[in-house]
Amino acid sequence: MQNNASFSQNLIPIVCLDIGGTLTKLTFATKKGFILNCETIEELKIITENEDYEIHFTSHPNSLDVLIQKLEQIGFIDDGKSNIQNFYITGGGSFKYYDQIQNYGNIIRINEFDALKFGFKLLDSIKYKNTYFTFNNDIENLQLTASIYPFILVNIGSGVSILKFDNEDQFARISGTSLGGGMFLGLSHLFTGINDFDELLRMTKQGSNAATDLLMNEVHLGFQSPSRNKNEKHVAVSMGKLKQNPNINQSDIVKSLLYMTTYNISQIAFLHSKLHNIERVFFSGHFIRNHEETLQCINEAFSYFSKLDQQNRHPYFIKHDGFIGSLGSFWNGIQKFMQNKQ
Ligand code: ADP
């Protein structure tokens, strides 16, 4: 644990919390080269004229105790005394621990969609290499030199929000669906008894949906559409084979649930891309976590619905996909902190 002297030398006294329906995303920064004594998920280096920072991201299921423990471990709280100046809090659950958290620092609340706006503004302005990518069996990094706007954002958290960004300041929530990461987690738990998201992700690597879902090439429609390929492996009926085959392997069911969730969201996303005539569609949110099976399913589904419409659109993904809102709120805070320091 750091003492106060090393704290002020190494940590920026700002913490951002994005508290959602399931997870708390914590974002904070250390000065360059400082070695943390806790595990973080990802890092982003911000190089400025005066000082360089490393922004750290970590998340955990919503829990005040775990949050305080983490803040202690990082060195923000030392012997009950907090070194935090400001908490920037965003997300649907931002009221959750308001009273308890304000004992440790001043609270500034940021609307969750504004937080996403700030996050994209930052990513667009810094034009980091390898921030955006497409996925077709493998990552293909995109070097976007021009502005990313306009685009549609499909944020898959516990539920799904679909936003349209016209430019860096103007955006609207245009749609959403309740069938998102929370549903995937809930149904997976119901079928397998497993609650651990990481374990479920591992199962999607082993599973195949061929035993559970009825696929296009298995459906006899009695006619052959000229645009339809007889060998298509896309899902025609989710869980369509469960009735005939009740003894199914758990991994296969979880894989099938992943297909069900991603196909449905991708179809809605494509329809909005068409409706608003915006080609670029980004997928973000902690449900994705840049997990290869999830990226592959979204790519297959989105590209499939696009092809059915004689278009050639593909989904885009983003590094730090579950932390865009948290990053945006944090960046807002750090800039104010720097201005006040000058
Ligand atoms: P919210 O802000 O609504 O909590 P998130 O973007 O944090 O949304 O995503 C929550 C979803 O992410 C969960 O419903 C689940 O599908 C997925 N997820 C990713 N990692 C975890 C985890 N460690 N524990 C639980 N759910 C997780």
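Rules behind the numbers
Residues numbered from 1 in each chain as written. Predicted model: local features only at pLDDT ≥ 70, side-chain atom pairs only at ≥ 80, totals over all residues. Heavy atoms only, no water. Helix = DSSP H or I, 4+ residues; strand = E, 2+ residues; numbered from the N terminus. Polar contact = N/O pair within 3.5 Å; in protein donor to acceptor, adjacent residues only side chain to side chain. Contact = heavy atoms within 4.5 Å. Buried < 20%, exposed > 50% of the residue type's maximum accessible area, 1.4 Å probe, protein only. Pairing = 2+ DSSP bridges. Near = heavy atom within 4 Å. Areas by Shrake-Rupley, 256 points an atom, 1.4 Å probe, with all protein chains shown as cover. Salt bridge = Lys/Arg side-chain N within 4 Å of Asp/Glu carboxyl O.

Asker: Could you clarify how one ought to interpret the side chain of Ser161 in this entry?
Answerer: Along the chain, the position of Ser161 falls in strand E12 (residues 160–165). Within the local environment of Ser161, its side chain forms a polar contact with the side chain of Arg173, the two groups lying 3.2 Å apart. Beyond its immediate sequence surroundings of up to four residues, Ser161 is in contact with Phe113, Leu153, Val154, Asn155, Arg173, Ser175 and Gly176.

Asker: Would you mind going over the pairing of strand E11 (residues 151–156) with me for this structure?
Answerer: Here E11 lies mainly inside the structure; six of its six residues are buried. Both E11 and E12 contribute to a ladder of six bridges, which runs antiparallel. The residue bridging Ile156 from the neighbouring strand is Val160, located in E12. If you look at the hairpin formed by E11 and E12, you'll find three residues sitting between the two strands. The pairing of E11 with strand E16 (residues 281–284) spans four bridges and is parallel. Bridging from a neighbouring strand, Val154 pairs with Phe283 of E16.

Asker: Looking at this model, I keep getting lost on the site of the ligand. Mind explaining?
Answerer: Contacts to the ligand come from 15 residues, most closely from Thr22, Lys25, Ser158, Gly181 and Arg289. Between the ligand and the protein, one listed contact pairs an oxygen atom with a side-chain N or O atom of Ser158 at 2.8 Å. Backbone polar atom of Phe287 to an oxygen atom of the ligand: 3.4 Å apart, as the coordinates give it. Taking 560 Å² as the accessible area of the ligand by itself, protein coverage stands at 87%. Residue assignment for the shell around the ligand shows that the elements contributing at least two residues are strand E2 (23–31) and helix H5 (181–192). The biggest single contributor to the shell around the ligand is H5, with three residues.

Asker: Sorry, what's going on with the pattern of salt bridges here?
Answerer: Where charged atoms of side chains with opposite charge meet at close range, the side chains can pair. Within this structure, the stated rule accounts for seven salt bridges. Between Lys164 and Asp166 there is a salt bridge; the shortest N-O distance is 3.0 Å. Residue class for Lys164 comes out buried when judged on its relative accessible area of 18%. A residue is classified by how much of its surface remains accessible, and Asp166, at 33% relative accessible area, is partly exposed. As a salt-bridge pair, Glu199 and Arg202 come within 3.2 Å of each other at their nearest N and O atoms. A residue pair is termed a helical-turn pair when its members lie 3 or 4 positions apart in one helix, as Glu199 and Arg202 do in helix H6 (residues 197–206) at three residues.

Asker: Just checking my understanding: could you explain the pairing of E2 for this structure?
Answerer: Within E2, nine of the nine residues are buried, which leaves the element mostly enclosed by the surrounding structure. Burial along E2 is two-sided: Leu23, Lys25, Thr27, Ala29 and Lys31 facing one way and Thr24, Leu26, Phe28 and Thr30 facing the other are all buried. Relative to E2, strand E1 (residues 14–19) runs antiparallel, the two sharing four bridges. Pairing of Asp18 across the sheet is with Lys25, part of E2. Of the pairings in the sheet, the one linking E2 to strand E4 (residues 52–61) comprises nine bridges and is antiparallel in character. Bridge pairing in E4 links Thr24 to His60.

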